[in-house]
Amino acid sequence: MGKDTLTVTDNRTGQTYEIPIEHNTVKALDFRQIKTSTDDFGLMTYDPAYMNTAECKSTITYIDGDKGILEYRGYPIEQLAEQSTYLEVAYLLLYGELPTKERLDWWTYRISRHLFLHNSLIEQIQAFRYDAHPMGILISAVASMSTLYPEAKEVHSPEVREKQIWRILGQIPTIAAFAYRHRIGRPFNQPDNSLSYTSNLLYMMDFMNQRDYEVNPVLAKALDVLFILHADHEQNCSTATMRGVGSSHTDPYCALSAAAAALYGPLHGGANEAVLRMLQQIGDVKNVPTFIEKVKKGEGRLMGFGHRVYKNYDPRAKIIRKVAYEVFEATQSNPMLEIAVELERIALQDDYFISRKLYPNVDFYSGLIYQALRFPIEYFPFLFAIPRASGWLAQWIEMLEDDEQKIMRPRQVYLGAARRDYIPVDKR
Ligand code: CMC
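Every chain is numbered on its own, with residues counted from 1 as its sequence reads. Where local features are concerned, this predicted model is filtered to residues with pLDDT of at least 70; where side-chain atom pairs are given and counted, the filter is 80 or more; whole-chain, interface and lining totals use all residues. No hydrogens and no water enter the side-chain calculation; it runs on all heavy atoms of the structure.

Let's talk about the overall build of the protein chain
Turning to step 1, where the next piece is worked out: Counting secondary structure elements, the protein chain contains 17 helices and five strands.
Turning to step 2, where the next piece is worked out: Dimensions of the protein chain along its principal axes, counting C-alpha atoms only, are 80 × 65 × 55 Å.
Turning to step 3, where the next piece is worked out: Looking at the protein chain residue by residue over its 428 residues, the buried ones come to 48%.
Turning to step 4, where the next piece is worked out: Any pair of residues with heavy atoms lying within 4.5 Å of one another is described as a contacting pair. In the protein chain, the share of contacts with a sequence separation of at least 24, taken over all contacts with a separation of at least 6, comes to 70%.
Turning to step 5, where the next piece is worked out: Each accessible area is a Shrake-Rupley estimate made with a 1.4 Å probe; only the visible protein chains count as cover when residues are assessed. For the protein chain, the exposed surface amounts to about 22500 Å²; the carbon and sulfur share of it is 51%. A run of H or I in DSSP becomes a helix once it reaches four residues, and a run of E becomes a strand once it reaches two; helices and strands are each numbered from the N terminus. Only protein chains enter the area calculation, which uses a 1.4 Å probe; residues under 20% of their type maximum are buried, those over 50% are exposed, and those in between are partly exposed.

Re the site of the ligand
Turning to step 1, where the next piece is worked out: Taken together, the neighbourhood of the ligand is formed by 17 residues, with R301, L302, G304, F305 and N361 sitting nearest.
Turning to step 2, where the next piece is worked out: Polar contacts, as used here, are pairs of N or O atoms within 3.5 Å; protein pairs need one atom able to donate a hydrogen and one able to accept it. Residues neighboring in sequence count only if both atoms are side-chain atoms. Between the ligand and H307 there is a distance of 3.0 Å, counted from an oxygen atom to a side-chain nitrogen or oxygen.
Turning to step 3, where the next piece is worked out: Measuring from an oxygen atom of the ligand, one finds a side-chain N or O atom of R308 at 3.2 Å.
Turning to step 4, where the next piece is worked out: Expressed as a share of its isolated accessible area of 950 Å², the protein-covered part of the ligand is 66%.
Turning to step 5, where the next piece is worked out: Of the residues in the shell around the ligand, the class split is seven nonpolar, four polar and six charged. We call a residue near a molecule or strand when any one of its heavy atoms sits within 4 Å of it. For this classification, the nonpolar set comprises Ala, Val, Leu, Ile, Met, Phe, Trp, Tyr, Cys and Pro, the charged set comprises Asp, Glu, Lys and Arg, and every other residue, Gly included, is treated as polar.

Re the nonpolar core
Turning to step 1, where the next piece is worked out: Core analysis: the largest hydrophobic core is formed by 121 residues, its most contacted members being W107, L169, I175, L302, L343 and F375.
Turning to step 2, where the next piece is worked out: No other element matches the 14 residues that helix α17 (residues 380–400) contributes to this core.
Turning to step 3, where the next piece is worked out: Note that the domain bounds reflect an automated or database-derived domain assignment. Each of domain 1 (76–265) and domain 2 (271–372) gives at least three residues to this core.
Turning to step 4, where the next piece is worked out: Sequence-distant contacts of I175, that is, excluding residues within four places in its chain, are made with L117, L121, I125, I137, L138, A141, V142, M145 and F382.
Turning to step 5, where the next piece is worked out: One finds V8, Y17, I19 and I34 within the second-largest nonpolar core, a separate group that totals five residues. Remark: nonpolar core denotes a set of buried residues (Ala, Val, Leu, Ile, Met, Phe, Trp, Tyr, Cys) joined through side-chain atoms within 4.5 Å.

Some words on the pattern of salt bridges
Turning to step 1, where the next piece is worked out: Definition used for salt bridges: Asp or Glu carboxyl oxygen within 4 Å of a side-chain nitrogen of Lys or Arg. According to the stated counting rule, one finds 17 salt bridges in the structure shown.
Turning to step 2, where the next piece is worked out: Its salt-bridge partner being R183, residue E378 comes within 2.8 Å of it at the nearest N-O pair. Of this pair, E378 sits in the loop between α16 (363–372) and α17 while R183 sits in helix α6 (residues 158–183), and the two are 195 residues apart along the sequence.
Turning to step 3, where the next piece is worked out: K296 is the salt-bridge partner of E293, the closest N and O atoms lying 3.4 Å from each other. Placement of the pair is E293 and K296 together in helix α12 (residues 288–296), with a separation of three residues, close to one helical turn.
Turning to step 4, where the next piece is worked out: Salt bridges sharing common partners tie together E22, K57 and E404.

Re the pairing of strand β2 (residues 15–20)
Turning to step 1, where the next piece is worked out: Both strand β1 (residues 5–10) and β2 contribute to a ladder of six bridges, which runs antiparallel. Looking at the pairing, T7 lines up with E18 of β2.
Turning to step 2, where the next piece is worked out: What sits between β1 and β2 in their antiparallel hairpin is a turn of four residues, with G14 showing a positive phi close to 80°. Pairing between two strands requires that DSSP report at least two bridges joining them.

Looking at the domain arrangement of the protein chain
Turning to step 1, where the next piece is worked out: Domain parsing of the protein chain yields domain 1 (76–265) and domain 2 (271–372).
Turning to step 2, where the next piece is worked out: Summarising the inter-unit geometry, the C-alpha centres of domain 1 and domain 2 are found 28 Å apart.
Turning to step 3, where the next piece is worked out: Each partner contributes to the roughly 1200 Å² buried at the junction of domain 1 and domain 2, and carbon and sulfur atoms together form 77% of this total.
Turning to step 4, where the next piece is worked out: There are zero salt bridges connecting domain 1 and domain 2.
Turning to step 5, where the next piece is worked out: Inspection of the region where domain 1 meets domain 2 yields one residue pair in polar contact (both at pLDDT 80 or more).
Turning to step 6, where the next piece is worked out: Secondary-structure elements contributing two or more residues to the side of domain 1 that touches domain 2 are α1 (77–83) and α8 (217–230).
Turning to step 7, where the next piece is worked out: Here the element with the most residues in the side of domain 1 that touches domain 2 is α8; it accounts for eight residues. Two parts lose some accessible area (1.4 Å probe) when they are put together, and adding that loss for both gives the buried area.

Things to note about helix α7 (residues 197–206)
Turning to step 1, where the next piece is worked out: Taken across its 10 residues, α7 has nine buried, putting it largely inside the fold.
Turning to step 2, where the next piece is worked out: The complete set of buried residues in α7 reads Y197, T198, S199, N200, L201, L202, Y203, M204 and M205.

Quick look at the sheet that holds strand β4 (residues 69–72)
Turning to step 1, where the next piece is worked out: Spatially, the three strands line up as an open sheet ordered β3-β4-β5, and their pairing is antiparallel. The open sheet has two edge strands, β3 (61–64) and β5 (75–76), and neither has a second partner.
Turning to step 2, where the next piece is worked out: As judged from the four bridges shared by β3 and β4, these two strands associate in the antiparallel manner. Across the sheet, residue I63 finds its bridge partner in β4, namely L70.

Right, here's the structure in full:
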């Protein structure tokens with residue numbers, strides 16, 4: 001084994017440099033020493049969309065896209081989905097270890113003490129138009145929490161941070177439920193802290209004063225598994241936004257509001273909705289072969305297939321497929337599921353998809369599950385945001401405690417006009 005360094009020769013000057021390699025990366029700043037003259041700024045790296053740049057060192061989530069591996073703090077996602085709960089996973093992401101029984105009770109109690117919204121926040125939600133998009137309400141509501149809890153700006157105090165985390169994880173489901181009830185013109189149900197995290201969400205959305213009302217435990221469990229699968233996914237667009245905005249030491253509400261805004265975009269949180277629209281467009285199992293042929297001719301994409309990182313079966317998709325069947329047994333059967341299964345069956349044995357390593361991703365089945373739980377389509381990104389809040393917050397703390405991090409400030413390659421003199425308007 002040779003040395004852990006990279007030898008670079010600058011052919012402009014003939015000079016050679018030895019750059020250290022650590023964790024299979026080189027530091028972009030090590031290239032700054034490469035200059036053609038003493039007043040040269042030095043070499044920079046150019047990487048639009050951070051396609052090959054590690055922005056941080058992290059101990060939270062591990063992904064191996066080629067092997068289809070996803071782990072939180074070293075625990076395989078399959079084991080967590082099978083044996084854990086979302087709140088326990090949130091603790092794991094935030095504190096680094098699985099909680100003891102006492103710590104889990106304490107943690108569950110802390111969150112359950114922060115489910116109620118400030119009256120002023122309730123008034124704000126009510127001030128939205130009845131058809132306001134739920135993500136617009138989420139982004140605004142979380143940002144306005146910063147005005148209700150101004151001490152949150154003490155981002156270097158672990159105690160203050162912890163309190164805001166309880167508030168955020170506790171109140172986000174309540175905001176989701178109130179945004180929904182506002183849209184359908186029904187009174188708000190106050191949270192019930194005797195229920196589990198997801199049962200309480202379903203209760204707040206659904207309850208209409210029925211006698212003997214009970215949340216269906218199969219549906220609450222299915223939602224809990226989906227929450228586990230969506231809790232973190234390392235440096236995606238919204239997480240990078242949380243870190244980037246948080247790096248100016250703004251409070252967690254403003255940073256999380258920005259992360260939710262990034263998630264709102266159709267390239268990030270919106271693919272599950274596209275899958276559902278595609279299945280509706282196919283309409284019947286018998287139309288699947290024709291649809292696949294069209295995709296292969298380049299006339300549209302098979303939504304819910306393919307991933308930038310996973311070049312193997314998305315491990316989350318495997319789990320979600322099983323959950324989908326459980327949900328459909330508890331609700332009525334969904335003709336869309338039959339179409340989805342047939343699409344998957346044909347695609348997985350077709351050379352077009354095999355040669356391009358296109359496998360089902362997490363969104364292939366999640367939209368179907370949300371639909372079966374009777375969530376309106378525009379709620380799907382909100383259901384992604386609720387559990388991702390724990391991942392965003394864990395990444396935010398890691399960023400604040402990392403001595404190597406500073407305010408995020410990328411460089412640019414300026415290609416605009418050279419210096420020129422101002423011309424008064426009447427002479428242009
Ligand atoms: N259907 C048909 N062909 C596809 C698909 C697809 N879903 N995805 C990629 N391809 C083809 C693409 O046409 C290209 O073929 P060729 O080499 O002949 O030009 C090849 O596969 C490579 O595609 P790419 O666009 O370079 O791949 P990418 O890594 O840039 O894109 C992707 C990844 C997820 C944007 C893409 O696979 C896609 O658009 N999938 C459908 C949308 C979707 O399901 N998105 C959800 C992603 S998971 C959500 C999350 O984790 O946040």
